[in-house]
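Here's the letter readout for the chains.
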Amino acid sequence: MATVQYETHEHDVIVIGAGGAGLRAAIEAAAQGVSVGLVCKSLLGKAHTVMAEGGIAAALGNVWPEDNWQVHFRDTMKGGRMVNNWRMAQLHAQEAPERVLELERWGALFDRTKDGLISQRDFGGHRYARLAHVGDRTGLEMIRTLQYHGIHQGIDVYMECKIERLTKDGDRVSGAFGYWRNSGEFVLFKAKAVVLATGGIGKAWKITSNSWEYTGDGQSLALWAGADLIDMEFVQFHPTHMVWPPSVAGLLVTEGVRGDGGTLKNKQGERFMFNHIPDLYKGETADNIEEAERWYTDKKNNRRTPDLLPRDIVARAIRAEVKAGRGSPHGGVFLDIASRRPADYIRKRLPSMYHQFKELADVDITKEPMEVGPAQHYVMGGVRVDADSTAATVPGLFAAGEAAGGMHGSNRLGGNSLSDLLVFGRRAGLHAALYAKNLGGRLNVDAGHVQAIARETLEPFNRTAGENPYAIQADLQDTMQNLVGIIRTEEELKEALKKIEALKARARKVGGGGGRTYNPGWHTALDLKSLLTVAECCAMAALERKESRGGHTREDHPYSDDTWGTVNVVLSQRDGVTSLRREPLPKMPDELKALLQERT
Amino acid sequence: MPTYTMRVFRGDPGGGEFKDYRVETGEGMVVLDVIHRIQATEAPDLACRWNCKAGKCGSCSAEINGKPRLMCMTRMNLFEEGETISVAPIRTFPLIRDLVTDVSYNYEKAKQVPPLRLKPPDPDGKYRMMQEDVDRAQEFHKCIECFLCQDVCHVIRDHEEHKPKFAGPRFFIKIAGLAMHPLDTVDRTKWVGTHAGVGLCNITKCCTEVCPEHIHITDNGIIPMKERMADNVDPVVWLLRKFRGAKGKQPA
């Protein structure tokens, strides 16, 4: 068989993914004086972080001096229903403020308080107004700041490059092999340490806010290299995406709309969230409209509006209203800020949304309510990591951001993602660099392994009459949407696994027309492997967890179960076969437990 | 549902041609949806860049009926039913394939811009900035780097020889954003002339017209920059001043 040619680059640390986590990791690794390569599937600055709207959660205490890391820690654990990795939640709450201030030092211009400090806005599940923001384009500000800081740090950036597989030297990760999307030519990155910062898995669902890039690359690369994944059953369905009109259907509506005064109503005009307050949140949630209204201006003496309950609760409530026949004409509910806040205020707080809806749909969000419903948005699960170092269970492999699991438990609070990217992106870069420095010497890459990956990557071209990759992807999206959605049952999950098995067989016969130069059909065909891997992991873990918790709701096991509240579902793969086991959660120290007992 | 003929450029640096695809559209679709439909049904290898499909990432720039636009923000109901709609790659940058071009010029220019250097914080270690001061720079921070302004700027589009010395509108507003950062201490005035070539811009406002974020690239970015750096050296500024008076500034 002909030998496949490829170019080789060598770095101490390779970071895969250039969103918030990847950029922050690369910057930190470079600051440690090691050689860093940053590989991204798209152009630099286009990663999914750019779409984040509402803000970065950090207990800066600029608006509410009572806020501190302890309260943020408590809110995060509670939002995750206590199955978070406590140490990650602690580090996150402690370090987020410094990471935000660091962005400011690197040029980010956040909206200000009257005193000239970074302003903070209300979001679901956060006791105090906590989100540093720039209108509703916080993600854009964050990625641009990191990008323009990063390009002066001596990092080599490899754009539009897709990693297909990690390579190993014995037990250790020794590099990453992939192809240039522009040319279809192969490239090997030799590295002592690899940071996965590839984001989520949303392209496995039909209705998702995620872009084409979210095909579970990092989770799959880790699994295939022998690392563990955890919590893959926990998938976040963000409650508010547009369902009408069609030109904006599927677009995310930031939680900031509710943080800034918007409320959810059913077709009878009822603020239905008052009927969906779970016991866990009764103590801190207003049970009447008057108190909820007072809370916007007096947070000390009033409890929070139920419109700002955590996302899983709101998503299930919307689904229940629609199911009971109280939904909007197009199968959602109404989100009303137009009648509650002045037009100028809305335009100032939500400028991108105003602009986007006006241009795409002639919808004026300052004048009429929006019709919204849930869509897949985020995966809480991911690569199992050590909290302090972000090290995966394979030496030399690190993971941060959405690709990593544990930080958010069963449900992520809004705003905790951008802060997660910064806190653990930095830690990943730091520890990957330290690991690479300590390792010394050089690692080997098995040339035979590389040749095998390359040949597999070219296989679709040998099957010109093969299956259409887009059709397989669409069928998987239907399967996950219908059978592994917000509400799950044993029967449907088993059905999903059967269908995924059949789709895997079809994917092995996927074809591809055209050549190797910038060929999206071929790229889609290759991404199927990881997409099917993470879909299977999600369905398997969801079948295993026989309870309801956060982003995992089982109709046949509708309540949370204390026994399940003490374990993670851990997935691993040997010889291509995925297996799963339960492992106890890390034990939380008593002083942190005490923080969780405090009243609201 | 209305059917359109999409005349899409297919080709590579070796050559290419427009190819027609008859596509049935659904309500609310944008040009990018139609391109995706063509990929899924007729031409899986049709090359196009995209990410967010929400007008936020600036990846899907193309020339639609000759006009530089984002495919994800161009609604199909802008066009008459049965109309033939041409979709071509942005012309200013070297073609890779179909609708994808090599925009690395922009990433090279980005590296050359002298970065921010903040003044020291207040004695308590904090930075304070007033919202109204931040607002001015925030306008330029809205840029999604779609490079449509670069595409349409004739200094780059029609004059290959200018490329080494000319940064283009995207980077003029990047520089303007840095200059308007309330805490920045770097003076880039001279650099803008010698290295970014702002003098080559003769303020035709093509860039402003195509900006999907409606940033006032010319009025709020380029003109104040020219006024600051050139004083009476730049003939365009000289003319402008003559017409508008020395203090003349256009409202945002």
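Residues numbered from 1 in each chain as written. Chains lettered and ligands numbered in written order. Predicted model: local features only at pLDDT ≥ 70, side-chain atom pairs only at ≥ 80, totals over all residues. Heavy atoms only, no water.

**With respect to the sheet that holds strand E12 (residues 263-265) of chain A**
Residue and element names in this part refer to chain A.
- Taken in spatial order, the four strands line up as E11-E14-E13-E12 in an open sheet, and their pairing is antiparallel. The strands lining the two open edges of the sheet, one partner per strand, are strand E11 (235-244) and E12. When the angles between neighbouring strand axes are averaged without regard to direction, this sheet yields 50°.
- Of the pairings in the sheet, the one linking E12 to strand E13 (residues 333-336) comprises three bridges and is antiparallel in character. Following the sheet pairing, Lys-265 is matched in E13 by Phe-334. (Pairing = 2+ DSSP bridges. Helix = DSSP H or I, 4+ residues; strand = E, 2+ residues; numbered from the N terminus. Axes fitted to C-alpha atoms, helices over the stretch in contact; angles between N-to-C directions.)

**Structural notes on the sheet that holds strand E5 (residues 84-88) of chain B**
Residue and element names in this part refer to chain B.
- Spatial strand order, E2-E1-E5-E3-E4: five strands in an open sheet with mixed pairing. The sheet is open, and its two edges are formed by strand E2 (15-24) and strand E4 (67-70), each paired on a single side. Across the sheet, the axes of successive neighbouring strands diverge by a mean angle of 30°, strand direction being ignored.
- Pairing of strand E1 (residues 3-12) with E5 involves four bridges; the strand directions are parallel. If you follow Val-8 over to E5, its bridge partner there is Val-87.

**Digging into helix H11 (residues 351-361) of chain A**
Residues and elements named next belong to chain A.
- Most of H11 is tucked away, with eight of its 11 residues classed as buried.
- Those residues of H11 not exposed but buried are Ser-352, Met-353, Tyr-354, His-355, Gln-356, Phe-357, Leu-360 and Ala-361.
- Contacts from the buried residues of H11 go to E11, helix H6 (256-259), helix H10 (343-349) and strand E14 (370-379).
- Backbone geometry just downstream of H11 places Asp-362 in the positive-phi region, at approximately 55°. (Buried < 20%, exposed > 50% of the residue type's maximum accessible area, 1.4 Å probe, protein only. Contact = heavy atoms within 4.5 Å.)

**Comments concerning the interface of chain B and chain A**
- At the junction of the two partners, chain B supplies 58 residues and chain A supplies 57 residues.
- Between chain B and chain A lies a buried interface of about 4800 Å² when both sides are counted; carbon and sulfur atoms form 56% of it.
- The largest per-residue losses of area from chain B upon contact with chain A belong to B:Asn51, B:Lys56 and B:Tyr107, which jointly make up 14% of the total buried on that side.
- Residue A:Glu160 is joined to B:Arg49 by a salt bridge in which the shortest nitrogen-to-oxygen separation is 2.7 Å.
- Inspection of the region where chain B meets chain A yields 36 residue pairs in polar contact (both at pLDDT 80 or more).
- Elements supplying a minimum of two residues to the side of chain B that touches chain A: helix H1 (31-41), strand E6 (95-97), helix H2 (104-112), helix H3 (131-141) and helix H6 (169-179) of chain B.
- Top contributing element to the side of chain B that touches chain A by residue count: H3(B), with six residues.
- Taken together, the residues that form the side of chain B that touches chain A break down as 32 nonpolar, 10 polar and 16 charged. (Buried area = accessible area lost by both parts, 1.4 Å probe. Salt bridge = Lys/Arg side-chain N within 4 Å of Asp/Glu carboxyl O. Polar contact = N/O pair within 3.5 Å; in protein donor to acceptor, adjacent residues only side chain to side chain. Nonpolar A, V, L, I, M, F, W, Y, C, P; charged D, E, K, R; others polar.)

**Details of the domain arrangement of chain A**
Residue and element names in this part refer to chain A.
- According to the domain assignment, chain A contains domain 1 (12-236 + 378-447), domain 2 (238-376) and domain 3 (457-584).
- A straight line from the C-alpha centre of domain 1 to that of domain 3 covers 23 Å.
- Facing 44 residues of domain 1, the contacting portion of domain 3 comprises 45 residues.
- Taking both sides of the interface into account, the surface hidden between domain 1 and domain 3 amounts to around 3700 Å²; carbon and sulfur atoms contribute 54%.
- It is Trp-205, Leu-223 and Glu-233 in domain 1 that bury the most area against domain 3; as a group they hold 17% of the surface buried on that side.
- Where domain 1 meets domain 3, there are six salt bridges. (Domains from an automatic or database assignment.)

**Here's the deal with the pattern of salt bridges**
- On inspection of all chains with the given rule, the structure shows 81 salt bridges over all chains.
- A salt bridge links B:Asp135 to A:Lys348, with the nearest nitrogen and oxygen atoms 3.0 Å apart. Of the two residues, B:Asp135 is situated in helix H3 and A:Lys348 in helix H10; the pairing between them involves two chains.
- A residue is classified by how much of its surface remains accessible, and B:Asp135, at 32% relative accessible area, is partly exposed.
- Given the relative accessible area of 37%, A:Lys348 is considered partly exposed.
- Note that B:Asp33 is salt-bridged to B:Lys53, the shortest N-O span being 3.0 Å. Pair noted here: B:Asp33 is in helix H1 and B:Lys53 is in the loop between H1 and strand E3 (61-64), with a separation of 20 residues, a long-range link.
- By relative accessible area, which is 27% here, B:Lys53 ends up partly exposed.
- One network of salt bridges, in which partners are shared, links A:Arg24, A:Glu28, A:Glu95, A:Arg99, A:Glu102, A:Arg426 and A:Arg427.

**Observations concerning the nonpolar core**
- By size, the foremost hydrophobic cluster in this structure holds 230 residues, and its most contacted members are A:Met370, A:Leu397, B:Met6 and B:Met71.
- Top element by residues in this core is helix H16 (residues 520-544) of chain A. It accounts for 13 residues.
- Beyond its immediate stretch of four places on either side in the chain, B:Met6 contacts B:Lys19, B:Asp20, B:Tyr21, B:Val23, B:Val31, B:Val34, B:Ile38, B:Met76, B:Ile85 and B:Val87.
- Formed by 13 residues, the second largest nonpolar core is a distinct cluster that contains A:Val4, A:Phe177, A:Val445 and A:Leu458. (Core = buried A, V, L, I, M, F, W, Y, C linked by side-chain atoms within 4.5 Å.)

**Considering the pairing of E11(A)**
All names here are of chain A.
- Burial analysis of E11 places eight of its 10 residues in the buried class, the great majority of the element.
- As judged from the seven bridges shared by E11 and E14, these two strands associate in the antiparallel manner. Counterpart to Phe-237 in the pairing with E14 is Gln-376.

**A look at the environment of B:Lys126**
- The topology assignment puts B:Lys126 in the loop between H2 and H3.
- B:Lys126 sits 94 residues away from B:Leu32 along the chain, and the two C-alpha atoms are 45 Å apart.
- Apart from residues no more than four positions distant in its own chain, B:Lys126 is found in contact with A:Leu117 and B:Pro121.

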